[in-house]
Amino acid sequence: MTQLRFVALGDSLTAGLGDPQPGGEWRGWAALLAPALAEQPHRSRLLNCSRSGALTADVAGEQLTEALSHRPHLASVVVGANDTLRGSFDIEAVAQHLDSVFGALRAQGAGLLTACLPDPGRMLGLPWPLARPLGRRMRAVNHVVHALSDHYGAVHLHTAHHPWVFDRASWSADRLHPSELGHRLLAREFHALLATAGLAAGEPPSAVPDGPGPGRAASVYWMATRGTKWVWDRCADLLPDLLGLAVAECRHQASGTGTALELNAHRATVRAIASLKLSSYEPLEAA
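From a predicted model like this one, the values you see are computed outputs, not experimental measurements.

Draft legend 1. Inspection of the packing of aromatic side chains at higher detail. The full count for this structure, using the stated rule, is 2 aromatic pairs. Judged by centre distance (4.6 Å) and plane angle (40°), the rings of Trp29 and Phe190 are tilted. Of this pair, Trp29 sits in helix 2 (residues 29-33) while Phe190 is found in helix 8 (residues 180-196), placing the two residues 161 residues apart along the sequence. When the centroid spacing of 6.3 Å and the interplanar angle of 75° are considered together, the rings of Phe102 and Tyr152 count as edge-to-face.

Okay, here's the thing in structure tokens:
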């Protein structure tokens, strides 16, 4: 019997951060899902091309090259959150990168698995002048992913508004990556959709974690160690841009013109999707 080749592209979410193993490795949803794709677990093989911190440009570059060389039967593409956390955020560039990835994988005959992502500002509990601009960017990315998933016939998981996404137990200490429970739930959701589409033949991954989830002490420890470095690394690039967005947010809020920001973001997203010339996609409604 032919071995099913599953390739995962993306960033730290797909790399498994938040689901540590005893040896110090990360596992994550893709590794949990892979054995459940075939009726016999050993008939499925995972190649995880994802990298922590990856942008859509990285996925469209070296990750796509690596993925195509393995001629996958199924490929997952879950990326975009890091793009929203960069001062250089450009929704049209994000759309072009994702279109090239989706198109190349489908042209080679791979089934496509995608997901939209929750708002990072909400997950981090940021104040509204900072959270709203990030939320706007994430919605723009999600609209693009929806459009491309529809156009290329992907199996798509609407993660952004799924109930378990807002359960604290589903997230690790950093609040940006799923906990073991979150990764397990994500793997099960993907499996259910793939099974319905006839692309998964095995038993669904277990939803029972191997150990207890992170508590408050773990969150404090993470912020005092890795969290501080993470914030510092982002400050040089994101903070000046984000502070500018926050000032604009406050100014528009005070003048009662906040809808102008939503409209501008909506128009930019529409232009980005229109540039892809997706014949099967319905135009976005105004936000």
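Draft legend 2. Expanded view of the pattern of salt bridges. Going through the model one piece at a time under the given rule, you end up with 9 salt bridges. The shortest N-O distance in the salt bridge between Arg27 and Asp19 comes to 2.9 Å. Both residues of the pair, Arg27 and Asp19, count as buried. Its salt-bridge partner being Arg136, residue Glu249 comes within 2.8 Å of it at the nearest N-O pair. Here Arg136 lies in helix 7 (residues 128-152) and Glu249 lies in helix 10 (residues 238-255), a separation of 113 residues in the sequence.

Draft legend 3. Inspection of the sheet that holds strand 2 (residues 44-48) at higher detail. Ordered by their spatial adjacency, 5 strands build an open sheet running 2-1-3-4-5, and the pairing between neighbours is parallel. Edge positions in the open sheet fall to strand 2 and strand 5 (155-157), since each of these has one partner strand only. For this sheet, the mean inter-axis angle between neighbouring strands, taken without regard to orientation, is 20°. The pairing of strand 4 (residues 111-115) with strand 5 spans 3 bridges and is parallel. Paired with Ala115 across the strands is Leu157, a residue of strand 5. Contacts from helix 3 (residues 56-69) reach strand 1 (4-10), strand 2 and strand 3 (74-78), with the element oriented near 170° to strand 1.

Draft legend 4. Examining empty space enclosed by the protein more closely. Tallied over the full model, the rule gives 1 cavity of 30 Å³ or more. Looking at the lining of the largest cavity, the elements with two or more residues in it are strand 3 and helix 5 (91-107). Its residues assigned to classes, the lining of the largest cavity shows 7 nonpolar, no polar and no charged.

Draft legend 5. Representation of the nonpolar core in the model. Judged by nonpolar contacts, the single largest core of 58 residues is most densely connected at Phe6, Trp29, Leu33, Val77, Leu98, Leu105 and Phe190. A total of 8 residues in this core trace back to one element, the largest contributor, which is helix 7. Setting aside residues no more than four positions away along its own chain, Val77 makes contact with Leu9, Val59, Leu98, Val101, Phe102, Leu105, Leu112, Leu113, Thr114 and Ala115. Counting 6 residues, the second largest nonpolar core, distinct from the first, contains Leu85, Leu130, Leu238 and Ala246.

Draft legend 6. Examining the environment of Thr14 more closely. Here Thr14 shows up in helix 1 (residues 12-15). Judged by relative accessible area, which is 0%, Thr14 ranks as buried. Between the C-alpha atoms of Thr14 and Ala31, which are 17 residues apart in sequence, the distance is 8.9 Å. Setting aside residues no more than four positions away along its own chain, Thr14 makes contact with Ala8, Leu9, Trp29, Ala30, Asn48, Ser50 and Val78.

So, how was this worked out
- Residues numbered from 1 in each chain as written.
- Predicted model: local features only at pLDDT ≥ 70, side-chain atom pairs only at ≥ 80, totals over all residues.
- Heavy atoms only, no water.
- Phe/Tyr/Trp six-rings, centres within 6.5 Å; stacked < 30°, edge-to-face > 60°.
- Helix = DSSP H or I, 4+ residues; strand = E, 2+ residues; numbered from the N terminus.
- Salt bridge = Lys/Arg side-chain N within 4 Å of Asp/Glu carboxyl O.
- Buried < 20%, exposed > 50% of the residue type's maximum accessible area, 1.4 Å probe, protein only.
- Pairing = 2+ DSSP bridges.
- Axes fitted to C-alpha atoms, helices over the stretch in contact; angles between N-to-C directions.
- Contact = heavy atoms within 4.5 Å.
- 1 Å grid on protein atoms, 1.4 Å probe; cavity = no way out; pocket = protein on both sides within 12 Å on 5 of 7 lines; lining within 4 Å.
- Points joined across faces, edges and corners; volume = space filled by probe spheres on them.
- Nonpolar A, V, L, I, M, F, W, Y, C, P; charged D, E, K, R; others polar.
- Core = buried A, V, L, I, M, F, W, Y, C linked by side-chain atoms within 4.5 Å.

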